[in-house]
Amino acid sequence: MSIRGNLAQRWLFAAFLGATAPVLAVATSQADGWPDKPRILEMDVSGNGSIVTMGEPEIAVNPVDPDQLYVDGATFPVPLVFNGQSPVPDTCGGWTSKDGGLRWKSSPLPVEVCEDGEAVFGPDGTLYAGGDVATSTTVVPCATPGSISVGPVCILVEGYDPVLRSTDGGHTWSAPVKVMGSASVASFPFAPGSGQPLNTFDRPWLAVDPQTNTVYAVGHNIADHEPFVTASLDEARSFGPIYAVDSPAYPSGGLFGGTIAAAHGVLAVAYAATQAPGASCPCVIFATSTNDGATFTRRIVPTAGISSRPFPFVAADPSVPGHFALTVFDATGTKNQVYTTDDGGMTWQGPTVVAASPSSLLFKPWLAYESGRLALVWRAWSGSPNSSAYKVWLAVGRDQARHGATFSEPVQVSSVAAPYPAQYGGGDDFSFVIATHRYVRVGWGDSRDLPVGGGVQIWTARIPWETLPGIGYDSSMPR
């Protein structure tokens, strides 16, 4: 089913000054054709200027106190110039709010040279956050195992993934625990014979199972992006053995991905494989584990007409065991394809096709569940990729079990089309969406202030479920 829509919007801009926050830009909207709805509160959280780029925010919401939020993101200098040394970002940017995102206070992680920020609350209100830390960058011959090409030279980057915990919403932090990384940093417990770990700390992800409180951490080899996972049973004070997510029969394709989700004692990882038994690849693999990654059940998702470089994003339904969803782009790059399963990946429904009008190339999606409801976010180019402006879109829907997912008309989240500066790609891997009982919250990197000397800021949007059209509306929700 293809869903298309174009909602005209009226916007009001204002300056907002919080008691503990910098001056932040705020926009509110309501869509024509849906009386007084949707109500979108759009906010520049980071408030940075032109000398840094900020992006790839993860928004964490405390399930014990939904007004307590934390945003973690990446911070890169502008311009990002390689001169034989590591392009050193600042610490992982962090911001905390205790009033539902109306005011924010800077609270970066106490880890030097940190990027690829990540954050998630556990079911007891403990906050977990981290990123990756590059400890050294060396110019090496291009034949060096694990080296990556940067312009005319090759470099070897070594480092690790730290995870920290906070019991007060991100105001104070524990000492970092080194979860996985390079052999030069520590003797990490990679399971013998499981994958080929080499400088395994790129693009980490965190997930917490809301039923078991198990904390899962995934990291990738920096050169070939093979994914590895480990688990903590003591609230991230320590982590167990580290296992490869892929296998010789279902090898990772070296593509960005390996996003994770967990619920009801099951860890789920989606990634792209170069081969799989009986499949034409690259193909999407859905891998599940019930023993903290020691063994995986890997299944091919029966996709149809997907991108030749599939980057699957996965979500777990916290309300029903066995319910998962994933999204990939179609072969044209102009549509989202959403696939759902209600039996842990044995069978799949879909694809449900989701797009907005006019047709455009899409990038940087994310998918989230909330008690059977789905929230899908993506960005859309106004013209050529990497050189034109972009907008942020959201569609919400429901998982109809054996009948697949259905989605409402997409809603434009960002009030303006942002330009795309040349240095932007260095610090913004993805968009983000998280859904709670009352709100859908979207996060993205936004460069709308670039023409007036601004950099790239982290923006968030808060949209009440009750104001979203179609499938998202529920008159019983509190206002």
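As the structure is a prediction and not an experimental result, all values here were calculated from the model. (Residues numbered from 1 in each chain as written. Predicted model: local features only at pLDDT ≥ 70, side-chain atom pairs only at ≥ 80, totals over all residues. Heavy atoms only, no water.)

Asker: How would you summarise the pattern of salt bridges if you had to cite specific residues and measurements?
Answerer: Applying the stated rule across the entire model yields 12 salt bridges. With a shortest N-O distance of 3.3 Å, E56 and R203 are connected by a salt bridge. Here E56 is found in strand β5 (residues 52–61), whereas its partner R203 is found in strand β14 (residues 200–208), with 147 residues between them in sequence. Summarising the burial analysis for this pair, E56 and R203 share the class buried. (Salt bridge = Lys/Arg side-chain N within 4 Å of Asp/Glu carboxyl O. Helix = DSSP H or I, 4+ residues; strand = E, 2+ residues; numbered from the N terminus. Buried < 20%, exposed > 50% of the residue type's maximum accessible area, 1.4 Å probe, protein only.)

Asker: So, the environment of G146: which residues are in play, and what are the values?
Answerer: Position of G146 among the secondary structure elements: in the loop between β10 (127–140) and β11 (148–150). Residue classification places G146 among the buried residues on the basis of a relative accessible area of 16%. In the structure, G146 is positioned 75 residues away from N221 in sequence and 8.1 Å away in space, judged by C-alpha atoms. Apart from residues no more than four positions distant in its own chain, G146 is found in contact with L156, L198, N199, I222 and A223. (Contact = heavy atoms within 4.5 Å.)

Asker: How would you summarise the sheet that holds strand β16 (residues 227–232) if you had to cite specific residues and measurements?
Answerer: The strand order across the open sheet formed by 4 strands is β14-β15-β16-β17, and the pairing between neighbours is antiparallel. Here the strands that pair on one side only, and so sit at the sheet edges, are β14 and β17 (243–244). Across 2 bridges, the pairing between β16 and β17 is antiparallel. Within β17, the residue paired with V229 across the bridge is Y243. (Pairing = 2+ DSSP bridges.)

Asker: Quick one: what's the story with the sheet that holds strand β8 (residues 105–106), residue by residue and with numbers?
Answerer: The antiparallel open sheet is built from 4 strands, whose spatial order is β5-β6-β7-β8. A single partner strand is all that each edge strand has here, and the edge strands are β5 and β8. The sheet contact formed by strand β7 (residues 93–97) and β8 spans 2 bridges and is antiparallel. For W95, the partnering residue across the bridge sits in β8 and is S106.

Asker: Go over the state of the cysteines, please, and point to the residues and values.
Answerer: A full pass over the atoms with the stated rule returns 3 disulfides. The disulfide bridge from C142 ends at C154, spanning 2.1 Å between sulfur atoms. Taking the sign of the S-S torsion, about 100° here, the bridge from C142 to C154 comes out right-handed. With C142 in the loop between β10 and β11 and C154 in strand β12 (residues 153–166), this residue pair connects regions lying 12 residues apart in the sequence. C142 sits in the exposed class, given a relative accessible area of 52%. Residue C281 pairs covalently with C283 via a disulfide, S to S 2.1 Å. (Disulfide = S-S within 2.5 Å.)

Asker: Tell me about the side chain of R298, residues and numbers included.
Answerer: Relative to the helices and strands, R298 resides in strand β21 (residues 297–300). One polar contact links the side chain of R298 to the main-chain carbonyl oxygen of V245, over a distance of 2.8 Å. Polar side-chain contacts of R298 include one of 3.2 Å to the backbone oxygen of D246. When residues no more than four places from it in sequence are discounted, the contact partners of R298 are A244, V245, D246, S247, Y250, Y271, I285, F286 and A287. (Polar contact = N/O pair within 3.5 Å; in protein donor to acceptor, adjacent residues only side chain to side chain.)

Asker: Go over unusual backbone geometry, please, and point to the residues and values.
Answerer: In this model, C281 is joined to P282 through a cis peptide bond whose omega is 15°. Mapped onto the secondary structure, P282 falls in the loop between β19 (266–273) and β20 (283–289). Look at the link from S357 to P358: it is a cis peptide, with omega at 0°. With phi around 50°, D116 is a residue other than glycine that occupies positive phi space. Along the polypeptide, D116 turns up in strand β9 (residues 114–121). Classification of D116 as buried rests on a relative accessible area of 5%. Positive phi is not limited to glycine here, since N386 has a value of about 70°. Residue position: N386 is located in the loop between β27 (373–381) and β28 (390–399).

In short, shape yes, function no, at least from these values alone.
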